[in-house]
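# Chains, contacts and geometry: an overview
Here is how the chains run, residue by residue.
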Amino acid sequence: MGSVLMTGDLHGNTSHAIDLLQVAVREECERMFVLGDFGAWEHTAAGRRYFDVVDRVARKKKVRVYFLDGNHDKSSLLHELYGSEPDDEGFLVCRKNIRYAPRGHRWTWEGTRFAAFGGAYSVDKGWRLAAEAQRERKAERRRQFGSARRPATEGTLWFPEEQMTDAECAALLAADSTPVDVLLTHDKPRAADPDWNRKNLPECLPNQDRVQRVVDALRPRLALHGHLHYRYTDQVGDTRVEGLGADPEASHPIGYESSDSWLVLPLPYAPEVAAEREIA
Ligand SMILES: [Fe+2]
Ligand SMILES: [Fe+2]
């Protein structure tokens, strides 16, 4: 029986990624799955380097890393770069040991049916757009002084594809609404009620409603998500919801421990066994 190390947001934090790969080895997990805000920033040199380092360490540790997209991942670029050659299970191969689960992707590991639905609303969207505009003004000034450099600024800090649209969500569910055992998302389902949540602006709610529609349609026994940077457990109807914490550099509540950022999911997933082990 295999296990998967499920983790919250990494935000491109290399040392946390390496720590988690070490946890995966310790917990005898051959797979690690990151629930979005992985740090897919391959439009930057630092982002490409991060992928290379995580890939190299994952190879050494014999752990394969999977992720779905968070609001802070440039998922349009992942499709552009890797969309044409999915692996046998339908994941996009970003590196040999780093694979991306596009929105609506389904797969089965050891008899357990999974689906992934990434995306969320960025509460710091205004700041990100302002920073992009500031970069653009600087680039424009340099051009006026004769610089030939034309650095891209739009779509470098805020990604227009950050959340599912209603149409996208409806189309994915229309294409396949058969139930799954475990649902993986970045955002929380609307009905889940953590006691710490800084992502409850009105603008956050439409995507939570979409995730809720996915939960209602696919009826998972277990739903795991990141994005809130907060470890909590809730029950929504027949679905147990587990929110995972993020890397230590991210915003999080007082009392955070790095063990809040992961849990071990034994496969095949059986809710009774998981409850006994206080896992899921
Ligand atoms: Fe995050
Ligand atoms: Fe997020």
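Everything below is about the structure printed above this text.
All of the points below concern the structure found in this document.

Conventions and cut-offs
- Residues numbered from 1 in each chain as written.
- Chains lettered and ligands numbered in written order.
- Predicted model: local features only at pLDDT ≥ 70, side-chain atom pairs only at ≥ 80, totals over all residues.
- Heavy atoms only, no water.
- Salt bridge = Lys/Arg side-chain N within 4 Å of Asp/Glu carboxyl O.
- Helix = DSSP H or I, 4+ residues; strand = E, 2+ residues; numbered from the N terminus.
- Buried < 20%, exposed > 50% of the residue type's maximum accessible area, 1.4 Å probe, protein only.

### Details of the pattern of salt bridges
Pairing is possible between side chains of opposite charge, provided their charged atoms come close. This model, assessed by the stated rule, comprises 16 salt bridges. Across the pair Glu42 and Arg95 runs a salt bridge whose closest N-O atoms are separated by 2.8 Å. Taken together, the residues Glu42 in the loop between strand 2 (31-34) and helix 2 (45-61) and Arg95 in strand 4 (residues 92-95) connect sequence positions 53 residues apart. The residues Glu42 and Arg95 share a single accessibility class, namely buried. When the shortest N-O distance is used, the salt bridge between Asp87 and Arg99 registers 2.9 Å. With a gap of twelve residues between them, Asp87 in the loop between helix 3 (75-82) and strand 4 and Arg99 in strand 5 (residues 98-100) connect regions that are remote in the sequence. For the pair Asp87 and Arg99, a shared accessibility class is recorded, and that class is buried. Linked through salt bridges whose partners overlap, the residues forming this network are Glu42, Asp52 and Arg95.

### Considering the environment of Ala175
Structurally, the position occupied by Ala175 is in helix 5 (residues 166-175). Put simply, Ala175 and Glu257 are 82 residues apart on the chain and 40 Å apart in space, counted from C-alpha to C-alpha.

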